[in-house]
Amino acid sequence: MRRLNRKKTLSLVKELDAFPKVPESYVETSASGGTVSLIAFTTMALLTIMEFSVYQDTWMKYEYEVDKDFSSKLRINIDITVAMKCQYVGADVLDLAETMVASADGLVYEPAIFDLSPQQKEWQRMLQLIQSRLQEEHSLQDVIFKSAFKSASTALPPREDDSSQPPDACRIRGHLYVNKVAGNFHITVGKAIPHPRGHAHLAALVNHDSYNFSHRIDHLSFGELVPGIINPLDGTEKIAVDHNQMFQYFITVVPTKLHTYKISADTHQFSVTERERVINHAAGSHGVSGIFMKYDLSSLMVTVTEEHMPFWQFFVRLCGIVGGIFSTTGMLHGFGKFIVEIIYCRFRLGSYKPVSSVPFEDGHTDNHLPLLENNTH
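Residues numbered from 1 in each chain as written. Predicted model: local features only at pLDDT ≥ 70, side-chain atom pairs only at ≥ 80, totals over all residues. Heavy atoms only, no water.

Threshold: UniProt positions are given in the numbering used here, feature names are shortened, and annotations may be inferred rather than shown by experiment.
If you check an unreviewed UniProt entry, the protein appears there as Endoplasmic reticulum-Golgi intermediate compartment protein from Neovison vison. Its UniProt record gives the protein the following Sequence similarities (unreviewed entry) comment, quoted word for word: "Belongs to the ERGIC family." Check the Function (unreviewed entry) section of the UniProt entry for the protein; it says "Plays a role in transport between endoplasmic reticulum and Golgi."

Below, the structure written as structure tokens:
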């Protein structure tokens, strides 16, 4: 009884088979079918390789939300070389809350040579080339995000030559922590001193002829320092045409959380607008000679996440490719075979000619076909 029930169950399962097997003796092969199969398999292999390359690739997903963190400090990373001696210049930050952050809190003044060595010039040229390409192709920023990792560095390489030239510039580098409000980082003549209504610089002791605010920004960024990330002002070089010249940079800082497969960091992106002018009080151009970077923070925060196609989606797309090519090539082959058969049949009908009639002596014609004689032996 149990064996009988098992046989009934197996027979029921066989009736539900959606993939019936056809004996090989009933299968007819053809040259056209083999050609179409070869084309189908080749196309399938090419599309599979392309789909696998897409599966290996990643993309950056951007999400926007309101930045609710106003209590933390903002880090400013600085590496700027000014064409003046270190005793003549001073750098500090003054924000809208009239809080002054002196350069002694994290900046280092190093005597340097303003002209770069050949290797450093090549580094600067490559950096400026990347900056120009980034302005044309914004999608390259995603590539930079993906390639950012802890061991990479875009810092200015050390000099490879032992120059005997005396230092004629000052390299100001380091970092400062400021409040997350709009502020002004500036480098001007004289050291900064605190003042009840803000701050002041001791510029009276510096000879006016020694003013030269030609500068090179090797690095300027906000937030956590992420080696490998190229910022908008990296590699910028400005040459002053006058002693009394003001360079202004208006910066909008956007908090950014970066999450890739290589690094996770809380950093900041920024956009910048540049302006420079000569200070001439007689002509109505007022101000103070120096380098001024006025920054403001955006209220939006951007989360950049590197994403990857899940395996199940890749498998579904691969099944779609295989099934779609099989179905499409089968339909095209059947349709082509149908067209060929129609053309072949019309050709055969067009080549058929009826047998001509045989005339009799009395003027009648014989339209009958001759009978075939059955010779039996």
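### Here's the deal with the environment of Trp59
Quick note on the threshold: Here a strand is any run of E in DSSP of at least two residues, a helix any run of H or I of at least four, and the numbering for each starts at the N terminus.
For Trp59, the position within the fold is in strand E1 (residues 58-66). A sequence separation of 250 residues divides Trp59 from Met309, and the C-alpha atoms of the two residues are 9.0 Å apart.

### What to know about helix H3 (residues 118-136)
Heads up, the condition is: Expected span, for any helix, means 1.5 Å times one less than how many residues it has. Remark: exposure states derive from per-residue accessible area (1.4 Å probe, protein chains only) relative to the maximum for the residue type, with buried under 20%, exposed over 50%, and partly exposed in between. Taking the helix axis as origin, the arc is that swept by the directions to the C-beta atoms.
A rise of 1.5 Å per residue sets the reference length of H3, with its 19 residues, at 27 Å; its end C-alpha atoms lie 27 Å apart and thus fit the reference within 8%. Restricting attention to buried positions, one finds in H3 the residues Gln120, Trp123, Gln124, Leu127, Gln131 and Leu134. Relative to the axis of H3, the buried residues are bounded by an arc of 95 degrees and lie together on one face. Counted as exposed and oriented over 90 degrees from the buried face of H3: Pro118 and Glu136.

### Some points on the state of the cysteines
Going by this rule: Pairs of cysteine sulfur atoms within 2.5 Å are what we label disulfides.
With the rule as written, the count across this model stands at one disulfide. In this model Cys86 forms its disulfide with Cys170; the gap between the sulfur atoms is 2.3 Å. The disulfide joining Cys86 to Cys170 has a torsion of about 105 degrees about its S-S bond and is therefore right-handed. One end of the pair, Cys86, is in the loop between strand E2 (73-82) and strand E3 (89-95); the other, Cys170, is in strand E6 (residues 169-179), with 84 residues separating them in the sequence. Comparing Cys86 with Cys170 shows no difference in burial state: the two are buried.

### Structural notes on the packing of aromatic side chains
Here is the rule we go by: Here a Phe, Tyr or Trp ring, Trp counted by its six-membered ring, pairs with any other such ring whose centre lies within 6.5 Å, and the pair is stacked when the planes are under 30 degrees apart, edge-to-face when over 60, and tilted otherwise. Only lysine NZ and arginine CZ atoms are considered, and such an atom sits over a ring when it is within 6 Å of the ring centre and within 35 degrees of the ring normal.
According to the stated counting rule, one finds nine aromatic pairs in the structure shown. Seen in terms of ring centroids, Phe52 and Phe314 are 6.2 Å apart; in terms of plane orientation they differ by 65 degrees. Their pairing is edge-to-face. Taken together, the positions of Phe52 in helix H2 (residues 31-56) and Phe314 in helix H5 (residues 311-350) put the pair 262 residues apart, joining distant regions of the chain. Note on Phe314: relative accessible area 9%, which makes it buried. Taken together through their ring pairs, the aromatic side chains of Phe52, Tyr55, Phe311, Phe314 and Phe315 make up a single cluster. Above the face of the Phe114 ring, Arg216 is positioned so that its terminal group lies 5.2 Å from the ring centre.

### Points about the pairing of strand E15 (residues 300-308)
Here is the rule we go by: If DSSP finds at least two bridges between two strands, the strands pair.
Two strands pair when backbone bridges link them, and E1 and E15 are joined in this way by nine bridges, in the antiparallel orientation. The residue bridging Met60 from the neighbouring strand is Glu306, located in E15. Across four bridges, strand E12 (residues 245-259) lies against E15 in parallel orientation. Following the sheet pairing, Leu258 is matched in E15 by Val304.

### Brief notes about a nonpolar patch on the surface
Rules: Here a patch means residues that are over 30% exposed by relative accessible area and free of salt bridges, tied together within 9 Å if like-charged and within 5 Å if nonpolar (Val, Leu, Ile, Met, Phe, Trp, Tyr). In these tables, accessible area is a Shrake-Rupley quantity obtained with a 1.4 Å probe, and a residue counts as shielded only by the protein chains included in the view. By definition, a salt bridge exists where a carboxyl oxygen of Asp or Glu is found within 4 Å of a side-chain nitrogen of Lys or Arg.
Taken together, the side chains of Phe335, Phe338, Ile339, Ile342 and Ile343 present a nonpolar region at the surface, about 480 Å² in accessible area. With respect to the helices and strands, Phe338 occurs in helix H5. The partly exposed category is assigned to Phe338, whose relative accessible area is 47%.

### Regarding the side chain of Lys180
Here is the rule we go by: Whenever a nitrogen or oxygen atom comes within 3.5 Å of another N or O atom, the pair is scored as a polar contact, on the condition that within protein one atom can donate a hydrogen and the other can accept it, and that pairs from neighbouring residues in sequence are kept only if both atoms are in side chains.
Position of Lys180 relative to the elements: it lies in the loop between E6 and strand E7 (183-189). A polar contact of 2.9 Å, which involves the side chain of Lys180, links it to the backbone oxygen of Asp69.

### Some remarks on empty space enclosed by the protein
What counts is decided by this rule: Put simply, the grid is 1 Å and covers the protein atoms alone, a cavity is a trapped set of points that fit a 1.4 Å probe, a pocket is an open set with protein on both sides within 12 Å along at least five of seven lines, and lining residues have an atom within 4 Å of a point. Grid points are joined across faces, edges and corners, and a volume is the space filled by probe spheres set on the points. Note that Gly is not counted as nonpolar here; it falls among the polar residues with everything else outside the nonpolar set of Ala, Val, Leu, Ile, Met, Phe, Trp, Tyr, Cys and Pro and the charged set of Asp, Glu, Lys and Arg.
Under the defined criterion, the tally for this structure stands at one cavity of 30 Å³ or more. Of the voids in this model, the largest cavity is the one considered here, and its volume is about 30 Å³. What lines the largest cavity is simply Ile76, Phe185, Leu220, Phe222, Met293 and Tyr295. Listed by contribution, the elements that provide at least two residues to the lining of the largest cavity are strand E10 (215-223) and strand E14 (290-297). Counted by class, the lining of the largest cavity contains six nonpolar, no polar and no charged residues.

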